[in-house]
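# Chain and residue survey
Chain by chain, the residues:
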Amino acid sequence: MTRTRRAAASTLSASVLFGTQGTASALLAPTAPPAVVGTLRIITAAVVLIAVMPLFGGSWRLLPAVWRRPGIILAAVCVGLFQPLFFAGTGLAGVALGSLVSMGTGPLFAGLLGRVFLGHPLTRTWAAATAIAVAGLVLRSSGHMGGAALEGLLLAALAGLVSGGYTVAAKHELERGVTTTELPAASFSIGGLILVPILLTQPVDWAGTQAGMGLVLYLGVVTMALANILHTRGIDGLPPGPVATLLLADPTTASFLGVVVLGETIGPIAIAGLILVLAGLLLQTRAVAEADPVVLEVSPTT
């Protein structure tokens with residue numbers, strides 16, 4: 001298997017793990033504040049990643065130097081900003097529409113930022129795959145969209161921007177020798193510190209229960225630590241745009257588990273949307289395997 005194919009497989013695997021977090025939360029702690037869940041998830045992942053760094057080629061001795069790298073600080077800020085932006089956006093615009101905007105804009109921002117700051121070309125196949133997958137997300141969410149506040153849409157779009165920013169900052173640091181474990185360990189530990197005030201203003205007593213501890217460990221170890229080692233390996237082998245597009249397997253996995261595990265029902269339009277998302281993912285995966293050389297011309301004004 002080539003390096004790019006391994007990177008695509010790692011990214012898709014990470015995306016599937018990301019997609020299990022909603023079902024796990026619904027089963028183990030349905031009333032837990034989402035912002036607190038997200039914060040504890042990041043902090044737990046940082047602790048786990050720092051602990052296992054030497055097993056994956058990282059070094060505790062070098063960690064202080066990694067913390068000081070500009071790209072790591074930028075990635076950490078993106079990690080810290082995503083949680084409040086995402087939850088504020090979904091709170092004002094609605095979960096379906098807010099999630100759609102943040103997830104849909106993430107690949108677009110990652111691709112454009114990667115082009116501007118790292119010089120990675122935007123392939124026509126990436127543009128087509130992203131458009132198809134985002135159209136699928138629109139159909140998947142169409143039955144749940146009500147009136148949305150403009151502020152909510154802007155906040156959700158900013159969540160997509162910092163998500164794309166994390167991918168590009170991570171790619172920048174990986175190209176300069178930071179390992180695939182050091183990067184998330186360093187950025188999550190700083191990002192977790194940024195989010196500590198959330199824990200001081202929201203109820204956390206649920207985390208002391210057996211179910212709560214189980215949720216925090218599962219989210220932190222599986223959907224954050226393990227998933228982000230895989231995600232970072234994907235970033236290491238692919239341009240930012242395709243990585244972010246392949247991560248759209250996340251909402252597809254969440255929808256599948258919602259139906260199979262939680263007993264949710266979805267209509268034919270939503271099913272058609274999921275099929276479109278899968279088609280976009282298949283197109284992007286095939287393009288990665290074939291290393292499509294045709295690129296989009298990007299004007300200086302974009």
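Anyway, here's the lowdown on the structure attached to this text. (Residues numbered from 1 in each chain as written. Predicted model: local features only at pLDDT ≥ 70, side-chain atom pairs only at ≥ 80, totals over all residues. Heavy atoms only, no water.)

### With respect to the overall build of the protein
What counts is decided by this rule: Numbering of helices and strands runs from the N terminus; a helix is a DSSP stretch of H or I covering at least four residues, while a strand is a stretch of E covering at least two. Throughout, radius of gyration means the C-alpha value; the globule benchmark is 2.2 Å times the number of residues raised to the power 0.38. Buried residues are those whose accessible area, probed at 1.4 Å on protein chains only, stays under 20% of the maximum for their type, while exposed residues exceed 50% and partly exposed ones sit between those limits. Between two residues, a contact is recorded if the distance between any of their heavy atoms is within 4.5 Å. Every accessible area reported is derived by Shrake-Rupley at a probe size of 1.4 Å, with residue values counting cover from the shown protein chains alone. The sign given to each residue is positive for Lys and Arg and negative for Asp and Glu; His and the chain ends receive no count. A charge is said to be at NZ when it belongs to Lys, at CZ for Arg, at CG for Asp and at CD for Glu.
Scanning the protein from N- to C-terminus turns up 13 helices and 0 strands. Going from the N terminus to the C terminus, the protein shows its helices and strands as α-α-α-α-α-α-α-α-α-α-α-α-α. In terms of C-alpha radius of gyration, the protein reaches 18 Å, essentially the compact-globule figure of 19 Å for 302 residues. Along the first, second and third principal axes, the C-alpha set of the protein runs to 55 × 50 × 35 Å. Within the protein, the proportion of its 302 residues that are buried is 50%. For the protein, the share of sequence-separated contacts (at least 6 apart) that also reach a separation of at least 24 residues comes to 87%. Total accessible area computed for the protein in this model is approximately 13500 Å², and 71% of it derives from carbon and sulfur atoms. The average position of the 14 basic charges and that of the 11 acidic charges among the side chains of the protein differ by 8 Å.

### Quick look at the side chain of Ser 102
If you trace the backbone, Ser 102 turns up in helix 6 (residues 95-118). Ignoring sequence-local partners within four residues, the contact set of Ser 102 consists of Phe 86, Ala 156, Ala 159 and Gly 160.

### Some remarks on the pattern of salt bridges
As a working rule, side chains carrying opposite charge can pair if their charged atoms are close by. Filter applied, for reference: Any carboxyl oxygen of Asp or Glu that lies within 4 Å of a side-chain nitrogen of Lys or Arg is treated as forming a salt bridge with it.
Taken as a whole and assessed by the stated rule, the structure comprises 3 salt bridges. With a closest N to O distance of 2.4 Å, Arg 69 and Glu 173 form a salt bridge. Note that Arg 69 is positioned in the loop between helix 4 (63-67) and helix 5 (70-93) and Glu 173 in helix 8 (residues 150-174), a separation of 104 residues in sequence. The class of Arg 69 is partly exposed, set by a relative accessible area of 26%. Here Arg 176 makes a salt bridge to Glu 175, at a shortest N to O gap of 3.7 Å.

### Some points on helix 13 (residues 268-290)
Residues separated by three or four positions in an α-helix point in the same direction, a consequence of the helix having 3.6 residues per turn. Put simply, the rule reads: For a helix, the expected span equals 1.5 Å multiplied by the number of residues minus one.
Relative to the 33 Å expected for 23 residues at 1.5 Å per residue, helix 13 spans 33 Å between its end C-alpha atoms, a close match to the ideal helical length. Every buried residue of helix 13 is listed here: Ala 270, Gly 273, Leu 274, Val 277, Gly 280, Leu 281, Gln 284, Ala 287 and Val 288. On its buried face, helix 13 is in contact with helix 1 (3-18), helix 7 (124-141), helix 11 (240-246) and helix 12 (249-260).

### Considering the side chain of Ser 187
We apply this condition: Residues adjacent in sequence count toward polar contacts only when both atoms are side-chain atoms; beyond that, a polar contact is any pair of N or O atoms within 3.5 Å, and within protein one must be able to donate a hydrogen and the other to accept it.
As for its placement among the helices and strands, Ser 187 is situated in helix 9 (residues 182-201). Judged by relative accessible area, Ser 187 falls into the buried class, the value being 0%. Within polar-contact distance, the side chain of Ser 187 engages the backbone oxygen of Leu 183 at 2.9 Å. A polar atom in the side chain of Ser 187 sits 3.4 Å from the backbone oxygen of Pro 184. What Ser 187 contacts, discounting residues up to four positions off in sequence, is Ile 72, Ala 75, Ala 76 and Tyr 166.

### So, the nonpolar core
Definition in use: In these notes, a set of buried Ala, Val, Leu, Ile, Met, Phe, Trp, Tyr and Cys residues joined through side-chain atoms within 4.5 Å is what counts as a nonpolar core.
By size, the foremost hydrophobic cluster in this structure holds 59 residues, and its most contacted members are Tyr 166, Leu 183, Phe 188, Trp 206 and Leu 238. Per-element accounting of this core gives the leading share, 8 residues, to helix 3 (residues 34-52). Among all residues touching Trp 206, those that are not within four sequence positions of it are Ala 29, Ala 32, Pro 33, Val 36, Val 37, Leu 40, Gly 212, Leu 215 and Val 216. Ranked by size, the runner-up nonpolar core spans 6 residues in total, among them Ala 14, Leu 17, Ala 227 and Leu 230.

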